[in-house]
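# Remarks on the overall topology
These are the residues of each chain, in order.
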Amino acid sequence: MSNYDDPRWYERPDDLYTTTPAPGDQFNPGSITQTNTSTQQQAPSEERSPDTKGRPGRIFGQIVVTTTLVIIAFLGGWFGHQVYTNTSFNPGNQSKSYANLIQQAWNTVDQNYVDRNAVNYKEMSYQAIRAMLDVLRDKGHTRFLTPQDVQSEKQQLQGTVVGIGIYLRQDPKTKEVSITSTIPGAPAEKSGIQRGDVIVAVNGTDVVGKDINAIIPLIQGPAGTNVSITVKRPATHQSLTFTMKRAEIKVPSVNLHYIAEQHIAHIQITQFSEGVSDQLKDALNKAKKLGAKSIILDLRDDPGGYLQEAVNVASEFVAKGNVLLEQDSTGQRTPQPVTGHPIDTNTPIVVLTNNNTASAAEIVSGALRDNTRAIILGVKTFGTGTVLDEFDLSDGSAILLGTSEWLTPNGQFIRDKGIQPNIEVNLKANSNPITPVDENQRNMSLQQILSSGDTQLVGAIRYLESH
């Protein structure tokens, strides 16, 4: 197996690169000559040869030994050069040729870079993998996970996290990292952090302009430890600092608020985590008992999650048909039908989307729209459009890789295009979406919701009033 094929190739012990010969193996040109002379002087001889006969023999022996060593050294160096820095390039096999190119670059740095303290093999590997995946243009979906990211992702999709309980997004233009929502009862909500707050510092460290992936590790930490978050609040132009203790948090993926005046169930799915379809079923049954005659399914800021949960959720509203079409790298399409176990196929539904609605949330939006089961209201979704498989790497890290592309039941590609709403409604500037959590915590009446500035939620209510 070549070094490139072996996943441990970047974890070689240092002694493979800086070998120190044992004292008995040290090469000293003088010692060879001295040893040969000494041996001949000590060797018994019945007849001494004249010096003119003996010297040429010793000199010839030294020449042979020296020449042999030179040849071996040359051949060894040449062979090593061919193995480790082979510059041959075969256009007919680009995968192998460019893989060799990566290996050449690695060896060049490893063997020649002057500042050895700066050579960080783990970071070199991680950054190379990230750059490789960025080229695939599956932005926000195909990605690299460190071992810590793997554990965090698993916890989140299982519905339990350790932290302060906030959801973040980064504006691609301004680079501002803002809080899209807080988890009910979590440390962030209890401390007073609000949706829309922009993070400017963590534990006194300025994070303005930094990538979100560099900020998240500063916020994360073990349960029971403190973290200080400084935010800028756009609504009041205040700079506020909140100190809170990290904790283990049970994350509800489905939230319900019943708008009694209009008999509307406002149901939000925050992410498609494990068991979310069962949580939705419970919320729908509760809404029916309360008297709900229509549903607002809020998928705004939902980053997605498990594909099967998306299929199960869509299947709760659609009796027959497909949830999506999967297309592999050869162009072969495979339909993913509904499960055949619907619980509500008649109640009018409006699905709310925004540009942070992604992945599994887009699958459900597209399925309900194409099966004429719901009206989509809001703005175009994020546009991920790939089905991810997780490929574990040898050190506990992983690659989430798009192995197939998904299309809506009517055959519409979503990648880079998103789901277009039936009714486009933009959220007003400086306004934030109102969630069922907000409505429940503030005990909001219909009039308060209509006056909240959430034009998308208001638009959904007005649509259901007239239909």
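Residues numbered from 1 in each chain as written. Predicted model: local features only at pLDDT ≥ 70, side-chain atom pairs only at ≥ 80, totals over all residues. Heavy atoms only, no water.

## Details of the packing of helix α3 (residues 94–112) against helix α4 (residues 121–134)
Condition: Helix axes use the C-alpha atoms of the stretch in contact, all axes being lines fitted to C-alpha atoms, and the angles between their N-to-C directions lie in the range 0 to 180 degrees. Put simply, DSSP H or I for four residues or longer makes a helix, DSSP E for two residues or longer makes a strand, and each gets a number counted from the N terminus. Should an angle fall under 35 degrees it is taken as roughly parallel, and over 145 as roughly antiparallel, whereas 65 to 115 is taken as roughly perpendicular and any remaining angle as oblique. Here is the rule for handedness: rotate from the far helix to the near one, and if that takes an anticlockwise turn smaller than a right angle the crossing is left-handed, while a clockwise turn gives right-handed. Should any heavy atoms of two residues lie within 4.5 Å, those residues are counted as being in contact. Residues are grouped as follows: Ala, Val, Leu, Ile, Met, Phe, Trp, Tyr, Cys and Pro are nonpolar; Asp, Glu, Lys and Arg are charged; every other residue, Gly included, is polar.
With their axes 13 Å apart at the nearest point, α3 and α4 run at an angle of 155° to one another. By the angle between their axes, α3 is roughly antiparallel relative to α4. Once α3 is placed against α4, the crossing between them reads as right-handed. On α4, the residues touching Trp 106, Val 109 and Asp 110 of α3 are Tyr 121, Met 124 and Ser 125. For the contact of α3 with α4, the per-class residue count stands at 4 nonpolar, 1 polar and 1 charged.

## Points about the side chain of Asn 356
Looking at the secondary structure, you find Asn 356 in the loop between β15 (349–353) and α10 (360–370). Excluding anything up to four places from it in sequence, Asn 356 contacts Arg 169, Asp 301, Asp 302 and Pro 303.

## Details of the layout of surface pockets
For the record, the criterion: A pocket, in this scheme, is an open set of points on a 1 Å grid over the protein atoms alone with protein on both sides within 12 Å along at least 5 of 7 lines, while a cavity is a set where a 1.4 Å probe fits but cannot get out; residues line either one if an atom lies within 4 Å of a point. Grid points are joined across faces, edges and corners, and a volume is the space filled by probe spheres set on the points.
Space inside the second largest pocket adds up to approximately 1,300 Å³. Arg 195, Gly 196, Ser 431, Asn 432 and Pro 433 are the residues nearest the centre of the second largest pocket, which is lined by 48 residues in total. For the lining of the second largest pocket, the secondary-structure elements that each account for two or more residues are β3 (166–170), β4 (177–182) and α11 (436–442). The element contributing the most residues to the lining of the second largest pocket is β4, with 5 residues. Partitioning the lining of the second largest pocket into residue classes produces 15 nonpolar, 22 polar and 11 charged.

## A look at the sheet that holds strand β12 (residues 294–298)
The condition that has to hold: By the convention used here, strands pair only if DSSP detects at least 2 bridges between them.
If you walk across this open sheet you meet the 6 strands as β10-β11-β12-β15-β16-β19, and the pairing is mixed. Looking at strand neighbours, the two that pair on one side only are β10 (254–259) and β19 (423–424), the edges of this open sheet.

## Re the packing of aromatic side chains
Centre-to-centre distance and the angle between the planes together describe a pair of aromatic rings. What counts is decided by this rule: When two rings of Phe, Tyr or Trp (its six-membered ring) have centres within 6.5 Å they constitute a pair, described as stacked for plane angles under 30 degrees, edge-to-face for angles over 60, and tilted for the intermediate range. Note on classification: 1.4 Å probe, protein chains only; a residue is buried when its accessible area is under 20% of the maximum for its type, exposed when over 50%, partly exposed between these limits.
Inspection of the entire model under this criterion finds 2 aromatic pairs. Between the aromatic rings of Tyr 126 and Phe 144, the centroid separation amounts to 4.8 Å while the plane-to-plane angle is 55°, which identifies the pairing as tilted. Here the residue Tyr 126 occupies a position in helix α4, and Phe 144 occupies one in strand β1 (residues 143–145), the gap between them amounting to 18 residues. Side by side, Tyr 126 and Phe 144 carry an identical accessibility label, which is buried.

## Description of unusual backbone geometry
Phi at His 237 is positive, roughly 60°, even though this residue is not glycine. In the Ramachandran plot, Thr 372 falls in the positive-phi region, its phi being about 50° despite a non-glycine side chain. In this structure Thr 372 comes out as exposed when scored by relative accessible area, which is 72%.

## Focus: the confidence of the model for the protein
Applicable threshold: The score called pLDDT rates the predictor's confidence residue by residue, from a low of 0 to a high of 100.
The predicted model of the protein has a mean per-residue pLDDT of 83, with 81% of residues at 70 or higher. In this model, residues 1–75 is a region of pLDDT below 50 whose contacts with residues beyond four sequence positions or in other chains number 30 contacts. Confidence drops under pLDDT 50 across residues 77–85; counting only partners more than four residues distant or on other chains, this segment forms 7 contacts.

## Focus on the nonpolar core
Put simply, the rule is: Nonpolar cores are built from buried Ala, Val, Leu, Ile, Met, Phe, Trp, Tyr and Cys residues. Side-chain atoms within 4.5 Å join them into one set.
The biggest cluster of nonpolar side chains holds 39 residues, and the ones touching the most others in it are Ile 267, Ile 269, Phe 272, Leu 297 and Phe 317. Contributing elements (two or more residues each) for this core: β10, β11 (264–269), α8 (276–290), β12, α9 (307–315), β13 (322–327), β15 and α10. Per-element tally for this core: the top contributor is α10, with 6 residues. Discounting residues that sit within four places of it in the chain, Ile 267 has contacts with Val 254, Asn 255, Leu 256, Leu 280, Ala 283, Leu 284, Ile 295, Ile 296, Leu 297, Asp 298 and Pro 436. By size, the runner-up hydrophobic cluster in this structure holds 18 residues, among which are Val 350, Leu 352, Leu 450 and Tyr 463.

## Section: the pattern of salt bridges
Which entries qualify depends on this criterion: The salt bridge definition used is simple: a Lys or Arg side-chain nitrogen within 4 Å of an Asp or Glu carboxyl oxygen.
The final tally for this structure, using the stated rule, is 11 salt bridges. Across the salt bridge formed by Arg 195 and Asp 301, the nearest N and O atoms sit 3.8 Å from each other. Of this pair, Arg 195 sits in the loop between α6 (187–191) and β5 (198–202) while Asp 301 sits in the loop between β12 and α9; the two residues are 106 residues apart in sequence, bridging distant segments of the chain. With a relative accessible area of 15%, Arg 195 lands in the buried category. A salt bridge links Asp 298 to Arg 300, with the nearest nitrogen and oxygen atoms 2.9 Å apart. What makes Asp 298 buried here is its relative accessible area of 1%. Relative accessible area serves as the criterion here: at 3%, Arg 300 is assigned to the buried category. Residues joined by salt bridges that share partners form a network here, namely Arg 195, Asp 301 and Asp 438.

## A closer look at the packing of α8 against α9
Direction vectors running N to C along α8 and α9 enclose 25°, while the axes themselves pass 8 Å from each other. Comparing the axis directions of α8 and α9 gives the class roughly parallel. Of the residues in α9, those touching α8 at Val 276, Ser 277 and Leu 280 are Glu 309, Asn 312 and Val 313. Grouping the amino acids of the contact of α8 with α9 by side-chain chemistry returns 3 nonpolar, 2 polar and 1 charged.

## Thoughts on the pairing of β4
Each regular strand carries side chains that alternate between the two faces of the sheet. Among the 6 residues that make up β4, 6 are buried, leaving the element largely enclosed by the rest of the structure. As judged from the 5 bridges shared by β3 and β4, these two strands associate in the antiparallel manner. Considered in β4, the bridge of Gln 170 is made with Val 177.

## Some points on empty space enclosed by the protein
The final tally for this structure, using the stated rule, is 2 cavities of 30 Å³ or more. Its volume calculated, the largest cavity comes out at about 100 Å³. Contributing to the lining of the largest cavity are Tyr 167, Thr 180, Ser 181, Arg 195, Gln 268, Thr 270, Asp 298, Arg 300, Asp 301, Pro 303, Pro 433 and Thr 435. Grouping the constituent residues of the lining of the largest cavity by class yields 3 nonpolar, 5 polar and 4 charged.

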